[in-house]
Every structure is written in structure tokens, then in C-alpha cells.
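Secondary and tertiary structure notes
Spelled out from the first residue to the last, the chains are:
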Amino acid sequence: MSFLYRRLRHLPAVWRWKRWVEVSPLPATGFHCRTFCSTTSEPDPIEIHKRKLFLWFSHLPQEEKQFGGYFSPETMHVSPLILERSAEERAGLLSSPFQTQNPSSPSLTVEQLFQPTESWSESRGLNVLLYGAVGTGKSTVVRKLVLDWCTGKTLVHCKLLIPFSCEDLSQLSKTASLRDLVSRKYLHLRKHPLLSGEGNQAKDVLFLFNGMEKMQLDFRIGATELCSDPNEAFPPSVVVVNLLRKYLLPEANILVTTRLSALDCIPPKYVSRYAQICGFNDPDRQRAYFTSRLLQQNGESARHQEAKALIELLYHNLKRETQLAAACYLPSYCWLTCATLHFLSFTDAKSPIRTLTGIYTSFLRLNFGGEVLGTGAWTDMPSQGHHRSLMLYVVGTVGKLAFDGVTHKYTSFSQREIEQWIGGETKTDEELRQLAVFRTDVLDFFLAPCVESGKHLPQELGESDERRYVFAVPAMQEYLAALYVVLGENKSALQKLTSQVSSAIGQVSEDVNVVVGILSKFIPLRIFAVFNLLKLFPKLYEKISSYNKGSIARTMTAEMFRTEDSYNEDVLDQVTQSLLGVHGPQSQQYSEGKPFELYPIFMGGLLHYGNRVLLQQLGCVIHSTTVAQITRALRKYLVRELSKAQPPEELMDLLVLLYEFQNPRLSAEVLTSIKTIRLTNIRMTSLKCFILSSVLSCTPASYQLEELDLSSCLLTQDMLPMLRPAFRHTHKLKVCDNPLLKSATCTLLEALAENQSLTHLSLMHTELCDEGTLELALSLQQHSGLQELNVAYNNIGDNAALALVEACREHPSIHTVHLYLNPISDVGTQSLYALGIPMNHDDNKKHVEVLVSVTEGPEISKNWQPILSVIQENASSWDKEHLKQQLKVFLRDLERGRHQQQSIWKRLHFLRVEKRVQKTLQMLERNTLHHKTTF
């Protein structure tokens, strides 16, 4: 809604035209304007009005551009459920979206709300009050209504639609007539006869007042003077009241949108119809919304199919009436779901830098940007806190609740806990009025009844306890808790005291008596004699302030590197599962000790300058000095923790943290302590590849990574080009157990072209086959420093294997090639062994060690143990029949070699190796080999 306010407010700046020109049609929307000529006839003011309104209301906020391509309000719009309410039931709230799946009355359109009623006549227009909670789609409905009127799709009987922002009207300090208010926004309508007040011409006019809660309307006759002349100047609130009274232009129709808390601002006798926007009450409306956004992917068929699959998974999750379905009852949360899924699934190398923290910050800015906390209906008492930032109030109440849940590891809250944390310390009447407005308008936006009963109950609560409430989207709890911490709201009593005293001292002179007088309001004077706090205070405050910033950094690192948690999936996969659901076998037990892995990541993301700018627009200021102090402390803790080996999931989360932080200097300094990045078994996606490369791109050219292990990561051909910056710094690269195939192998080799420091390359079990192996043989010379090449278990035949080894012999530095577990014949094995041995001194080709079997001719290979270790480590994920077949081949080779040996000691060695192979084969048949962690 706030976005629409800003659009209406700044209309004059966009509508300054120097001269009339020929106006081109807009075929994409079906809207056509007349062709104007300044020399032949005067332009039609209403046509000008329609064109300008259309151009302005077609503008979309920057956040909408992240979905890729161009979106118009027409293609994105899905109508929410609109129900007509009687005056008696107007305040009835919907506690659950599932209550409206079968509404008693049919859904209406805005146009149907202006159909004639029994009390309607041409001399008295309709006043329609359209209301709803935050996020239900009021602003979207208004935008679509204006655009449809401009293109002649709705309200065709209405000749003139005049939208106003009540936020703008409430800030006008000068008196003005109705015609002045109109001409101030719409100069071309300043003399239009429909607004003259003569006859009943105004019956063709529709006034739209968006956000009536912004104005303090007073309908008492003694407080608001009567006015029937459109040319008579009054305060804007008086003009609006007289329009609604039907004393001024009584035949005009009026549409008012407002929040729930402001319903009683307009007496029922002045309202012809009440209509409530109820959001998306069923999964089919939600699915239509997701389809309108996620399926417009620049016409790429592969991405289109992926988007369709995502929508099906999402729709399946919504039909199960999960907590996500309850959240998506609000169209705003549908937007957040789409934005998150688009970020998770459709990030590529050409995408602009976007972060998860940025998405949530933008989401809150779209819903609460510029919003202040009012006191609801008109009151005799002046509102001292009228200009208090609504978002800052959210952080101090809902953020405190979220922080307590994160601290004590729980996600659901009882009514008593909500009462304790939200409004538990209110004292004044003003605070109580603000709390009432907040509860009515905003609280249900963040908290919803828990629909997945029994999952989120703390251990000490039983089934008979009261109903529990959870955050509509789980990640919102972690975001608000992180914002609560970064803003420094979790201060101790001493920190709050020192902050107040510091502020007070800064506002007065340095006169000692004045300072002592101020301090005496906070601290008893007798304490001065004991501790001499007057002299110690500046240093004490500085120490406490620094400690507070350091505690934020400690909190972040403690959450990042937890030792008590099992190895969870990385945080991005957890976010995906929370949106798409878990399909297949699910865990029967729910762990109440929720890890909250997004919590520290959000804390890092909130320190990014771009997010701080958006938060400042919401009234939440994070100072640069605070960021600098936290960054210094965080750097020290991260470098210390990263000196220890981290599991792949934790390491992936660290990369996400550094990416969200968007601080290249910090990323470079932290990565200097990392020499190995092992992401084995992390399900890599385009986004994760983008994050890995983005973070590694922050390092200097001299930075070298000893090893990058991307084994069993489900890498695809599309992901490999995105990893080019990551490959640039690597000595040892492992991409084992990824279905690369021939085409992906070529892409990988191209991505490795810039790496001149690569020494070890492992392509084991990547389905190279013969074609991919031959491509690899042709590309080896590009990497002059390569020393070891592993292409085991790739379905490579004799000819391709021989060609590869020949290329390796011509290579200046390759000394070892792994070719075991490939279908190479006995003859091919012998030939490969022979190629590794120079035939004479004149042979200018160097010796290359070829690992193709546990034997080398009549001898046992010195690498038989590594070969068996590889089989044992991967037995659970590789094809068992293939491994059994290869082990039997090894046994046959060992038996043949043993019979050829004359030395008794060598025969005994053959027998020992045979027993190890037989034991491995037996364990494989009994499925008792050590299982490698896999997806």
C-alpha cells in the first residue's frame, strides 16, 4: 500500500509536459488515446487524464524487476476474494484462511460494488468502504481498478475517476477547495465542468481515497464545518468529510480503502456498502498468482519446464493446508514466496546481485515503507506518537518475541507469551491506543494460528494447552530476531541507562552543574562520591557500547559454528523445503531445538549498505560505526573458527553468510584462512554455484586454494560456466560422482581454461565414456601444470584409454592416471601397463603411472590399497553389480599373477591381497560396507 501512496503523491512531477505531441497507441494493454494537435482542436482533458493515470499506475517498484523480463500489472494480477459485509458484521475478522474456502456470499468485483441499490438515486451517489488487513491486496486492487478504467475495461459508466492518497492529503497544511485539491494533482482537470457542482454532473465522477487511516477525520458538526461549494477553501480533512457526508457533490460516487482499525472513522450512516478484501482464500487463487509470476521466464523452454515443476510442488504443498498455505492467504506472502523461489531456482551468472536478506527487507519496505503508527479513530487527545515508525514498533515488539524464540529454540508461542512480549510494558493511554491499532492492523500479518498442531509445542506443554501461534513464514522469525539484535534493541538495563545519559549530556553545555543535574535524574548523587562516575562515564559508555557490538559478532559466529547440532542440510535447502514441502518419507519426530541457521546469516545481510538504506526508509537506522565495529569483531571470530575443519553444510552456510554480507574486503580476509573447500554431498544449484564464485571472486589474484571438492553435488552442464571464477584459484579439483557426460565435460574444460595452477583433476564416476575421454585427451595441453588425472569408473574402453594415456605421456608434467573400474579388456590392461614403461633410452616420452588394476603385469600394484579404499568409500552410492564385477576381475588377475610367480614371498603377498579383495566382495554382497554420506 505504501508504494501506491508514493505513486499518487508524486504525480505532478511526472505530469509536466512541455507541449502536446502525437500520442502512440499502447497495443500491449489495449489502451488507445486520441491523437492531439495543438493547432486544430483542444485536447480532451479526460483523455489526457486517462493517459497520464495509466502511465503512472503502470510503474512498478524496483522489487518487481527481479523476476526477470517485463511484468505488467495486467499479467500479474490475480483478484483476491472480496466479500460484502453488513454494518453489523463489518468488524468480523478472519482468524484463518481456511474459514473462507466456502464463503456464504459470492466474491464481488469493485465494479459490482457500485451497482445501484434500493437506497441509490442519481441525486445521491454511493460511498463504498473497502477494507482489509495488511497484505490482503488493497493497493493491488486499487492499481488494477485505475488501469482498467483507463483502458475502458471497467466502470464504463464512470466518466471521471480521481484517485487521492490520504497520506498526501493529511500532510497539507494550507486550506484548499475541492477543485484546488484536484487541480493540484491533476492540472488538466482544473476547470472541468464535472466538478463545478452545477446540476447533477458529478454523478459521473468517482473519487478514490486510498488509505483513509492516514487522516484524522472528525464528522461532528461542531468540529467540521459544513461545505457544499467545490470552490470554497477548507482544510483537506473537512473537504473529505463533506464529500462523505454527501453535503459536497452528493451525487458523486466515492471509494474509500482503509485498514481494520479505521473502520469506525466513518460513521455507518455515511457508508452505503462495506466490502472486505479477504486475500487468497484457496490454493487455486494462490496457484494462479504463482503461475503469473514464475512462468514468465524469457521464453526459455528449459527454465519454463523447471518453473512448472516448481509450481506443481508448491501447489501440492499448499493443498495439504500447511503453514505456508495459511501464510499465502495474504497476497503479500505469495509475493515473498515467489521472490524467494525465483532467487533460489533461477539465479544465473547474468542475474543482478540479489540476496535473501534483501528480499525480506524489500518485502517489508513494500508493505510498511513510510508507515507510521497512528491511534486509530478520532480522539480528543492529541497523538504524541503519530510519527513513530511502524516498522520500528514492529522490531520492538514482534522482534523481541522472535528473539526470545530464537534464544530459547522454539517457534510457537502461546497467547500468554504474546501478551508478555507485545505490549506488556505499556503504561500511558497513548501507548495503549497504539497497541490496539497495532494488534488490529499488523499483528496478524506476522503471527498466525499454528495449523500443524503438535509439531512446534515445547516439551513442557501438553495437548490440553491453549492454541499456539507461529510466524506466518518461519524465516520471518529469524529475520526479525536478527534485526532486533543488529539494531541493538536487546540492551541490558545498564546499556539503556548509559544510552539515555549520553543522549542527555549531548544536548546540553559542558557546565558541570548542568551535567550533574541531568545525571541525578538517572543515578543517585551519592554514587558519584563512591565511583566518581562523572569522570568515568565516557570511557564506561564506550566500553559497554563496544561490548554490545562484540556480542553481536559472537552471537553470529556461535550460531554459525554449532557443535551440538547434527549435520543438517545447508540453509538454502532448508529454505527450499519450507516452501515446497518435504516429499517422500518424513521424519516421525520433530526436534524442538530448531537450528535457526538463517538467523546469523540475516544478521550479516542486514549490515550490507543496500539493506541499511532500505531499513532507513522504514525508520530503522543502523549506523556505519556500528557496522564497522561488528565487522572488525566478526572478522576475528570467523578467522579463528575457520582454522578448524568444518563439515560441508556449515561451510556452505558460511559462504552464504559472506555472500549476504556483500563485503568484498571481509570475504577476502576470511578466505585467506581457508585452504580447502569441501562441499561433498551438497546439492549444488545455480544459486549455490553463483554464491561460491561470487565469494571467491573477492580474493586477490595471488590467492590459491589447495583443494576444491565438489563431489556428489549433482552438478549439471549449466552450472559449470558459473563456477569459472571458483575454478581459477584451485590446485586440486574434484568433481567426482556428478553426471557430467561428454557435453558437460567439454564445458568443464572450457571453464578450466583460465586456471594455470591446476595440478590434480578428478573426474571419477562422471559418465565420460569414450567420447568425453577423447575430448579430454585433446585438451590436456591447455593445463601445463597438471600432474595427476583421475578418470576411474567412467565406462571407458580400450581405445579411448590408450589415447588418453598417450596424450598424458606427451604432457610435460602428468605422472599418474587413474583408470580402474572401467571396462578395459585384459589385452588393453597389458597395453596400458606397457605404455607406462619407456621401451628404451631413445624414447622421448616420459614414464606415466597408470592405475588400471590391482596388478601390474606379473606384479601387484603398489596402489592396490587406494583402489580398494575408493571402492569401500563409495559402495553405498555406486552400482553394486558393477563393483562386484570389477572385484571379481581383480581376483582373477591376482590369481593369474600368483601362479606366474616363482618367489614364495611374492606368492604370499598375492594371497594377502586376494583375501582383502574377497573380504571386500563379501561385505559388498552383505551390504555391510562403510556407507558414504549421500543424498
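No experiment lies behind these values; they were computed from the predicted model shown.

Our focus in this paragraph is the pattern of salt bridges. With the rule as written, the count across this model stands at 32 salt bridges. With its nearest N and O atoms 2.8 Å apart, the salt bridge here joins Asp 148 to Lys 144. One end of the pair is Asp 148 and the other is Lys 144, both in helix α6 (residues 138-150) and four residues apart, which spans about a single turn. Overall, Lys 144 belongs to the buried group, its relative accessible area being 16%. Between Glu 371 and Lys 214 there is a salt bridge, and its shortest N-O distance comes to 2.6 Å. With Glu 371 in the loop between α14 (356-368) and α15 (390-407) and Lys 214 in the loop between β4 (205-210) and α9 (236-245), this residue pair connects regions lying 157 residues apart in the sequence. For the pair formed by Glu 371 and Lys 214, the shared burial category is buried. Look at the salt bridges and you will find they share partners, linking Glu 213, Lys 214, Arg 259 and Glu 371 into a network.

Here the focus is the nonpolar core. Counting 169 residues, the largest nonpolar core has Tyr 333, Phe 446, Met 476, Leu 480, Leu 715 and Leu 819 as its most contacted members. If one sorts the elements of this core by residue count, helix α18 (residues 474-486) sits on top with ten residues. Ala 176, Ala 202, Leu 217 and Ala 275 belong to the second-largest nonpolar core, a separate cluster that totals 70 residues.

Any two aromatic rings considered together are summarised by their centre-to-centre distance and by the angle between their planes. Scanning all chains against the criterion turns up 22 aromatic pairs. Each ring, one from Phe 164 and one from Tyr 186, has its centre 6.4 Å from the other, and the planes form 70°; the classification is edge-to-face. Of this pair, Phe 164 sits in strand β3 (residues 160-165) while Tyr 186 sits in the loop between α8 (178-185) and β4; the two residues are 22 residues apart in sequence, bridging distant segments of the chain. Here the two residues Phe 164 and Tyr 186 agree in accessibility, since each one is buried. Ring centres of Phe 413 and Phe 471 lie 5.9 Å apart, and the angle between their planes is 80°; on these two criteria the pair is classed as edge-to-face. One end of the pair, Phe 413, is in strand β7 (residues 412-413); the other, Phe 471, is in strand β9 (residues 469-471), with 58 residues separating them in the sequence. Across the pair, exposure class does not vary: Phe 413 and Phe 471 are buried alike. Taken together, the aromatic side chains of Tyr 333, Trp 335, Phe 363, Phe 368, Phe 445 and Phe 446 make up a single cluster linked through ring pairs. Over the ring of Tyr 315 we find Arg 287; its NZ or CZ atom is 4.2 Å from the centre of that ring.

Okay, the sheet that holds strand β15 (residues 816-818) next. Each strand in a sheet pairs with its neighbour through backbone hydrogen bonds, running either in the same direction (parallel) or in the opposite one (antiparallel). Spatial ordering of the open sheet is given by β10-β11-β12-β13-β14-β15-β16, a layout of seven strands whose pairing is parallel. Each of the sheet's edge strands pairs with one partner strand only, and the pair in question is β10 (676-678) and β16 (849-851). Neighbour-to-neighbour, the strand axes of this sheet turn through a mean angle of 10°, independent of strand direction. Pairing geometry for β15 and β16, over three bridges, is parallel. The residue of β16 that forms the bridge with His 818 is Leu 851.

Tracing the backbone through its elements, the reader meets Gln 787 in the loop between α32 (769-779) and β14 (788-790). Since its relative accessible area comes to 30%, Gln 787 is described here as partly exposed. The sequence separation of Gln 787 and Thr 759 amounts to 28 residues, and the corresponding C-alpha distance is 5.0 Å. Not counting the four nearest positions on each side in its chain, Gln 787 is found in contact with Thr 759, His 760, Ser 813, Ile 814, His 815 and Thr 816.

Turning our attention to unusual backbone geometry. One non-glycine residue with positive phi stands out, namely Lys 246, at about 65°. Relative to the helices and strands, Lys 246 resides in the loop between α9 and β5 (253-258). Of note in this structure, Ser 712 is not a glycine but carries a positive phi near 55°. Tracing the chain through its elements places Ser 712 in the loop between β11 (705-709) and α30 (724-727).

This part is about the packing of helix α35 (residues 864-873) against helix α36 (residues 880-900). Relative orientation and spacing of two packed helices are given, respectively, by the angle between their axes and the distance between those axes. The contact between α35 and α36 brings their axes to 12 Å, and the two run at 160°. The orientation of α35 relative to α36 falls into the category roughly antiparallel. Pair α35 / α36 crosses with left-handed handedness. The residues of α36 that touch α35, namely those facing Ile 867, Leu 868 and Ile 871, are Leu 883, Leu 887 and Phe 890. Counted by class, the contact of α35 with α36 contains six nonpolar, no polar and no charged residues.

Ordered in space as β7-β9-β8, the three strands form an open sheet in which the pairing is antiparallel. The strands lining the two open edges of the sheet, one partner per strand, are β7 and β8 (447-449). Two elements, β8 and β9, share three bridges in a ladder whose sense is antiparallel. Its bridge partner being in β9, Leu 447 is matched across the sheet by Phe 471.

A few words now on the pairing of β3. With respect to burial, β3 is a largely interior element, six of its six residues being buried. In this sheet, β4 lies alongside β3 in parallel orientation, the contact comprising six bridges. For Ser 165, the partnering residue across the bridge sits in β4 and is Asn 210.

What follows covers the environment of Leu 666. Locating Leu 666 in the fold gives a position in helix α28 (residues 664-671). The buried category is assigned to Leu 666, whose relative accessible area is 0%. C-alpha separation for the pair Leu 666 and Thr 699, spaced 33 residues apart in sequence, amounts to 9.8 Å. In this view, Leu 666 contacts Thr 631, Leu 634, Arg 635 and Phe 661; residues no more than four positions away in its chain are not counted.

The residue Trp 56 is located in helix α3 (residues 45-57) in this model. Distance from Trp 56 to Arg 143, taken between C-alpha atoms, is 10.0 Å for residues 87 residues apart in sequence.

What follows deals with helix α31 (residues 741-751). When α31 is considered as a whole, its buried residues turn out to be Ala 744, Thr 745, Thr 747, Leu 748, Leu 749 and Ala 751. Where α31 is buried, its residues touch α30 and α32.

Mean pLDDT over the chain stands at 80; residues scoring 70 or higher make up 78%. Taken together, the stretch residues 453-464 has pLDDT below 50 and engages in 15 contacts with residues farther than four places along the chain or on a different chain. This model gives residues 587-591 a pLDDT under 50, and the stretch forms three contacts once residues within four places in sequence are excluded.

Parameters and conventions
- Residues numbered from 1 in each chain as written.
- Predicted model: local features only at pLDDT ≥ 70, side-chain atom pairs only at ≥ 80, totals over all residues.
- Heavy atoms only, no water.
- Salt bridge = Lys/Arg side-chain N within 4 Å of Asp/Glu carboxyl O.
- Helix = DSSP H or I, 4+ residues; strand = E, 2+ residues; numbered from the N terminus.
- Buried < 20%, exposed > 50% of the residue type's maximum accessible area, 1.4 Å probe, protein only.
- Core = buried A, V, L, I, M, F, W, Y, C linked by side-chain atoms within 4.5 Å.
- Phe/Tyr/Trp six-rings, centres within 6.5 Å; stacked < 30°, edge-to-face > 60°.
- Lys NZ or Arg CZ within 6 Å of the ring centre and 35° of its normal.
- Pairing = 2+ DSSP bridges.
- Axes fitted to C-alpha atoms, helices over the stretch in contact; angles between N-to-C directions.
- Contact = heavy atoms within 4.5 Å.
- Parallel < 35°, antiparallel > 145°, perpendicular 65-115°, else oblique.
- Left-handed = near helix turned anticlockwise from the far one by under 90°.
- Nonpolar A, V, L, I, M, F, W, Y, C, P; charged D, E, K, R; others polar.
- pLDDT = per-residue confidence, 0-100.

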